[in-house]
Amino acid sequence: MNFSKKSLVEFSLFLVAVIWALNFSVVKYSLAEIDPLSFNGLRFIFAAAIIWIVVFYRNESFRIPKQDWLPLLGMGLLGNLIYQGLFIVGIDYTYAANAAVMLGTIPIWVALISHFFNLERMNIFKTFGVIAAFAGITFIVSGGKNPFSFGSETFLGDIIIIGAAIVWGGYTILSKSFLSRYTPIQFSAIMATIGAIVLFLIGLPSMIQLEWTQISVAAYGGVVYSGLLSIGVAYLIWNYGLQTVGAVHTATYQNLVPVMGLVFGVILLNEQLTLLQYCGSALVITGIVLARWKRKKAQKIAAAELKGK
């Protein structure tokens, strides 16, 4: 890969990290005017549309064997109906900054689930990462301005977002078997289509009651941004990064998301976190980095395997 192409890939992956980090604040802002069900249904239309445009542009047409229909439908419901439902409701009940850090724990849950099912054993870095992340989560959930209680301002939203992170961790692991039979773009198209159909139908009753003329241009822009960029374009760039510079290198950019998401939430939405919550966020981010840390020998083996594919 020449220098200019590699630089373009690096810049594109950094751009994805920015898009995902900003998405927390964008969604939080739009949800002040658009209900969660309508928002989810609308943004997935844009996501599915852009991914299918790329499928046809790259001539990646494909057929789905009958034996894959139900498993793919189950994956689509897990990754879109359950995960997206938890994400959109959770962020509506907590700070965008909290959600960014909590959702950043996905690598932690992937490591735990993989260890539990003997798919990949945890090393010392991942173990300390899990401990740090859980300590950080405890500080964030219990460190709000109000006394800790199940009825506190952000407790419910924080718990729901953690549930979303766990679901996406499981979805990530289950996706690996399908990516051996479908290209990343094809798999993304299938998942986005299932998400668009299911979430649109679920959100339709809410959309009918929506006062469209009362919604601001900025809120509509949030729908387009979240669907077109945060789901559609970002997923395509991310998959391209996996193919060109490898999984290990690409994954490092995910570490930027919770950091920038926290910053955007505080600056753009003027969210006020306590000192304990800032300390918790720092612990979670440290845990995420440690959970992704691989020994040099393991990195060389992974790079050799990816190069040989």
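Heads up: the structure comes first, above all this text.
Here we summarise the structure given alongside this text. (Residues numbered from 1 in each chain as written. Predicted model: local features only at pLDDT ≥ 70, side-chain atom pairs only at ≥ 80, totals over all residues. Heavy atoms only, no water.)

So, the overall build of the chain
Consideration 1: Across its full length, the chain carries 13 helices and zero strands.
Consideration 2: Its helices and strands in sequence order give the chain the pattern α-α-α-α-α-α-α-α-α-α-α-α-α, from N to C terminus.
Consideration 3: When contacts within the chain are restricted to residue pairs at least 6 apart in sequence, those whose partners lie at least 24 apart make up 87%.
Consideration 4: Approximately 15400 Å² of the chain is accessible, and the part contributed by carbon and sulfur atoms is 70%. (Helix = DSSP H or I, 4+ residues; strand = E, 2+ residues; numbered from the N terminus. Contact = heavy atoms within 4.5 Å. Areas by Shrake-Rupley, 256 points an atom, 1.4 Å probe, with all protein chains shown as cover.)

Some remarks on the nonpolar core
Consideration 1: Grouped together as the largest cluster of nonpolar side chains are 65 residues, with contacts concentrated most on F24, F87, L103, F187 and M191.
Consideration 2: Here M191 is in contact with L72, M75, G76, N80 and Y171, once residues within four sequence places are set aside.
Consideration 3: Counting 14 residues, the second largest nonpolar core, distinct from the first, contains A48, V54, A192 and I231. (Core = buried A, V, L, I, M, F, W, Y, C linked by side-chain atoms within 4.5 Å. Buried < 20%, exposed > 50% of the residue type's maximum accessible area, 1.4 Å probe, protein only.)

Some words on unusual backbone geometry
Consideration 1: The backbone phi angle of N59 is positive, close to 55°, even though this residue is not glycine.
Consideration 2: Position of N59 among the secondary structure elements: in the loop between α2 (36–57) and α3 (66–92).
Consideration 3: The exposure class assigned to N59 is exposed, which follows from its relative accessible area of 62%.
Consideration 4: Phi at N270 takes a positive value of approximately 55°, unusual for a residue other than glycine.
Consideration 5: Along the polypeptide, N270 turns up in the loop between α11 (256–268) and α12 (275–292).
Consideration 6: Note on N270: relative accessible area 55%, which makes it exposed.

A word on the environment of V217
Consideration 1: In this fold, V217 is placed in helix α9 (residues 217–244).
Consideration 2: For V217, a relative accessible area of 71% translates into the label exposed.
Consideration 3: Spatially, the C-alpha atoms of V217 and S30 are 9.9 Å apart, while their sequence positions differ by 187 residues.

Details of the packing of aromatic side chains
Each aromatic ring pair is summarised here by two numbers: the centre-to-centre distance and the angle between the ring planes.
Consideration 1: Under the defined criterion, the tally for this structure stands at twelve aromatic pairs.
Consideration 2: Both rings, one in W20 and one in Y235, keep their centres 6.1 Å apart while their planes meet at 85°; by these two values the pair is edge-to-face. Of this pair, W20 sits in helix α1 (residues 3–30) while Y235 sits in helix α9, and the two are 215 residues apart along the sequence.
Consideration 3: On the accessibility criterion, Y235 (24% relative accessible area) is partly exposed.
Consideration 4: Ring pairs connect the aromatic residues F24, Y83, F87, W168 and Y171, which therefore count as one cluster. (Phe/Tyr/Trp six-rings, centres within 6.5 Å; stacked < 30°, edge-to-face > 60°.)

So, the side chain of D158
Consideration 1: Note on placement: D158 falls in helix α7 (residues 155–178).
Consideration 2: Despite its burial, D158 pairs with no opposite charge, the nearest such side chain being K28 at 9.2 Å.
Consideration 3: Polar side-chain contacts of D158 include one of 2.7 Å to the side chain of T94.
Consideration 4: Residues within four places of D158 in sequence aside, it is in contact with T94, N98, M102, I140 and V141. (Lys, Arg positive; Asp, Glu negative; His and termini not counted. Salt bridge = Lys/Arg side-chain N within 4 Å of Asp/Glu carboxyl O. Polar contact = N/O pair within 3.5 Å; in protein donor to acceptor, adjacent residues only side chain to side chain.)

Quick look at the pattern of salt bridges
Consideration 1: Counting across every chain of the model gives two salt bridges.
Consideration 2: Linking E60 and R58 is a salt bridge whose minimum nitrogen-to-oxygen distance equals 3.7 Å.
Consideration 3: With a shortest N-O distance of 3.3 Å, R181 and D68 are connected by a salt bridge. Taken together, the positions of R181 in the loop between α7 and α8 (184–209) and D68 in helix α3 put the pair 113 residues apart, joining distant regions of the chain.
Consideration 4: Judged by relative accessible area, R181 falls into the partly exposed class, the value being 46%.
Consideration 5: Classification of D68 by relative accessible area gives buried; the value is 7%.

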